[in-house]
Amino acid sequence: MYLTDDEKDMLAGKYGEGVALAMKIQVAVGECFDAKRMVEISKAHVALSNQEADLWFVEKLLKAGAYCRISPTVNPGFHLEFCRDNLSISSKDAELMERTRNAYREIGATLTFSCTPYLEANVPRFGEIISYSETSATAYVNSVIGARTNRESVQSSLCAAITGRVPEYGYLLAENRRGTVLVDVRADIKDDFDYQLLGYCAKKIGFGVPVFTGLPLNPSQEALINLGAQLNTIGAYAIYHIVGVTPEAQTIEMAFGGKEPARTVVITNDDLAEVQKSISHPEGKIDFAMFGCPHFTINQVREIARMVQGKKLAAEMWILTSSLTKELADRMGLTGTIESAGGHILDNTCIDQPCWRHLEGKVGVTDSPKCAYYTKRRGLEFIIRDLRSCVDATLKGEVS
Amino acid sequence: MKERSFTFTCHKISEGKAEGRVLISKDDILFYLCNPETGQIIEEGHALEGQSVAGKILVFPAGKGSSSVQVDGLYQLLTRNNAPKAMIIERPDTILVTSAIIMEIPLVDRVEKEFYQRVEDGDYLCVDADKGIITITKQEKIL
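Every chain's residues receive numbers from 1 upward, in the order its sequence appears when written. Each chain gets a letter, beginning with A, and each ligand a number, beginning with 1, in the order they are written. Two thresholds apply to this predicted model, a pLDDT of at least 70 for residue-level local features and 80 or more for giving and counting side-chain atom pairs, whereas whole-chain, interface and lining totals are computed over all residues.

Comments concerning the overall build of chain A
No. 1: Strands are runs of DSSP state E lasting at least two residues, helices are runs of H or I lasting at least four, and both sets are numbered from the N terminus onward. Helices and strands together make up the secondary structure of chain A, namely 18 helices and 14 strands.
No. 2: Both definitions apply: the radius of gyration is a C-alpha atom measure, and the globule rule equals 2.2 Å times residues to the power 0.38. For chain A, whose C-alpha radius of gyration is 21 Å, the value lies close to the compact-globule estimate of 21 Å for 400 residues.
No. 3: Along the longest, intermediate and shortest principal axes, the C-alpha atoms of chain A span 65 × 55 × 35 Å.
No. 4: In this scheme the burial state of a residue depends on its C-beta neighbours within 10 Å: 20 or more other such atoms mean buried, 12 or fewer mean exposed, and anything in between means partly exposed; the C-beta positions come from the backbone. Looking at chain A as a whole, 56% of its 400 residues qualify as buried.
No. 5: Counted over contacts in chain A with a minimum sequence separation of 6, partners at least 24 positions apart contribute 79%. In this description, any two residues whose backbone-derived C-beta atoms lie within 7 Å of each other are considered to be in contact.

Right under this line is the structure:
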């Protein structure tokens, strides 16, 4: 592939071994996908995972002297201080989190610890070339905003942050962003939760770029977050289009670039009901409620606060969000309302982390199929319902 | 018993050369859903559920899963000597590609169609990603 003199210098080690390693990996990725050249990025988001491989790679780059040219925002691990004081974490868990946090700080990341960077702190514009990992964020910035990123891995987006470049291939190119599968939604889409179930129909939708028709023309921000997050839980979709809603699909012709769809998939109420039944634990007593996969917005926090105001929860409730949203919730009195009812709102924390050991083997309720999917490995079981039903269940201690 | 060899061309993604017994999956693979201690695939309903990828030349259509878990799955296998020795795929994605490059596991794609008709579980394979060549060695009974 073609490299500029500056890029050749990076590869040759003129900027140090760390930059050379990052560029070497990116050239290999570029050559795999027949990229012709590198292009500059102006934003990056790294899905820090606080897993051993994550730390190993950041420390490897650090030892080789790497530093980010484009400071990336990062995903959450867990809130170390809160969890050390209030939850059961091992010293090994604490050490991993501490080292991960330090490594990302040292390499020049912006420590947002949030999986919804596109709402605050790192919002790209239409057409901007960026490098985002966190697969639900990738879907949002491509689909809803119209920025351009591939479905990056944690490591490829970190390399991009270091070199300030990405190989030009895939979803950076207009021809690959066009729709290929028409998804004709005949189901009744009533609320944000229905977008979760629709996203979880990925198996029926199949491989390609989906173009949804038949959806309401004024979806909430939360609905669009949900759709992208669930599409990328059991499937792999860097981008989706909703005709009349998302910017690259103002008309159906525009969405498909004037071509015919490769196939059409019809989604009915039965499909949504079947998805919900297949992924949800059977109804009954619950021990806890978990919200915020992806991180909850202030609107969702407010909705919960309104429902629990002046009441007592019968089960544990955790609402995970960004520290900026937490700060807003504090200021608006929502945190106080939720805590008075016995719930918790916790920032900088992800559901797929070792801080949730006390919930192992227990049954919870959540509005997010993604939350249920990723925590199966940790022995958590979930009944999956819409947000209002989840909150009702937490007040009663059961889903009936 | 007589040995017969067949050679096919492929396209390098992650450099290196490795040889070993082949294991073929018709399903996509997420290495996060492997038991790191044994290399066994633990994903319910997977075509290779219960079989070990350790030390194998793994043939599968594509990787799957979100941006962080694939690499950690491979890392956990690799640090216990239970990673596959090389991987042969049909559809590359950025996440599996960077995972293989970083973990220095040879990875190739764009293999000649005839390879897929010829290869069977248990065949001995040599994957030379740098030269873009895969060799199948079969044990055949002399009639």
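Re the sheet that holds strand S14 (residues 381–384) of chain A
Residues and elements named next belong to chain A.
No. 1: The rule for pairing is simple: two strands pair if DSSP sees at least two bridges between them. One open sheet accounts for five strands, arranged S12-S11-S10-S13-S14; its pairing is parallel. At either end of the open sheet lies a strand with only one pairing partner, and these are strand S12 (344–347) and S14. Mean inter-strand twist for the sheet, computed between neighbouring axes without regard to direction, equals 30°.
No. 2: Strand direction decides the pairing type here: strand S11 (residues 316–321) and S12, joined by four bridges, are parallel. Note that in S12 the partner of isoleucine 319 across the bridge is isoleucine 345.
No. 3: In the packing of helix H15 (residues 323–331) onto the sheet, contacts are made with strand S10 (288–296), S11 and S12, and the angle to S12 comes to roughly 140°. Orientation is described by lines fitted to C-alpha atoms, with helices fitted over the stretch in contact, and by angles between N-to-C directions that extend from 0 to 180 degrees.

Here we look at helix H11 (residues 221–234) of chain A
Residues separated by three or four positions in an α-helix point in the same direction, a consequence of the helix having 3.6 residues per turn.
No. 1: Here H11(A) lies mainly inside the structure; twelve of its 14 residues are buried.
No. 2: Summarising the contacts, the buried residues of H11(A) are in contact with helix H6 (135–145), helix H9 (192–199), helix H10 (202–205), S10, helix H14 (298–308) and helix H17 (369–375) of chain A.

Focus on the packing of helix H2 (residues 17–32) of chain A against helix H7 (residues 154–163) of chain A
Residue and element names in this part refer to chain A.
No. 1: Between H2 and H7, the shortest axis-to-axis distance is 9 Å and the interhelical angle comes to 125°. When the interaxial angle is binned, H2 and H7 end up oblique. Like other packed secondary-structure pairs, H2 and H7 cross with a definite hand, here left-handed. The segment H2 lies against H7, with Gly18, Val19, Ala22, Met23, Ile25, Gln26 and Val29 engaging Ser156, Cys159, Ala160, Ile162 and Thr163. Relative orientations are named as follows: roughly parallel for angles under 35 degrees, roughly antiparallel for angles over 145 degrees, roughly perpendicular for angles from 65 to 115 degrees, and oblique for any other angle. Left-handed is the label given to a crossing in which the near helix is rotated counterclockwise from the far helix by less than a right angle, and right-handed is the label when the rotation is clockwise.

Digging into the interface of chain A and chain B
No. 1: Taken together, the contacts link 24 residues of chain A with 18 residues of chain B.
No. 2: Counting only elements with at least two residues in the side of chain A that touches chain B, the list comes to H2, helix H3 (52–63) and H7 of chain A.
No. 3: Here the side of chain A that touches chain B takes five residues from H3(A), the largest share from any one element.
No. 4: Residues are grouped as follows: nonpolar covers Ala, Val, Leu, Ile, Met, Phe, Trp, Tyr, Cys and Pro; charged covers Asp, Glu, Lys and Arg; every other residue, Gly included, is treated as polar. Of the residues assigned to the side of chain A that touches chain B, the class counts are ten nonpolar, nine polar and five charged.

Description of the sheet that holds strand S9 (residues 263–267) of chain A
Within a beta sheet, neighbouring strands are joined by backbone hydrogen bonds and run either parallel or antiparallel to one another.
Residues and elements named next belong to chain A.
No. 1: Spatial strand order, S8-S7-S6-S9: four strands in an open sheet with parallel pairing. On the outer flanks of this sheet lie strand S8 (241–242) and S9, each paired with one strand and no other.
No. 2: Bridge count between strand S6 (residues 181–185) and strand S7 (residues 210–213): four bridges; the pairing is parallel. Within S7, the position partnered with valine 181 by the bridge is proline 210.

Focus on the domain arrangement of chain A
Residue and element names in this part refer to chain A.
No. 1: Bear in mind that the domain bounds are from an automatic or database domain assignment. Annotation of chain A at the domain level lists domain 1 (5–173), domain 2 (178–277) and domain 3 (280–396).
No. 2: Here the C-alpha centre of domain 3 lies 28 Å away from the C-alpha centre of domain 1.
No. 3: Each side of the interface is counted separately: domain 1 has 20 residues, and domain 3 has 16 residues.
No. 4: Looking at the side of domain 1 that touches domain 3 residue by residue, the classes come out as nine nonpolar, nine polar and two charged.

As for the packing of H3(A) against helix H5 (residues 91–106) of chain A
Residues and elements named next belong to chain A.
No. 1: Remark: H3 packs on H5, axes separated minimally by 10 Å, with the N-to-C direction vectors making an angle of 40°. Viewed along their axes, H3 and H5 form a crossing whose handedness is left-handed. Between H3, through Asp54, Leu55, Val58, Glu59 and Leu62, and H5, the contact on the second element is made entirely by Leu96, Arg99, Thr100, Ala103, Tyr104 and Glu106.
No. 2: Looking at side-chain class alone, the contact of H3 with H5 contains six nonpolar, one polar and four charged residues.

Observations concerning unusual backbone geometry
Residue and element names in this part refer to chain A.
No. 1: The amide bond that connects cysteine 293 to the next residue, proline 294, takes the cis arrangement and shows omega of -5°.
No. 2: For proline 294, the position within the fold is in strand S10.
No. 3: Phi at alanine 121 takes a positive value of approximately 80°, unusual for a residue other than glycine.
No. 4: Inspection of the secondary structure puts alanine 121 in the loop between H5 and strand S4 (130–132).

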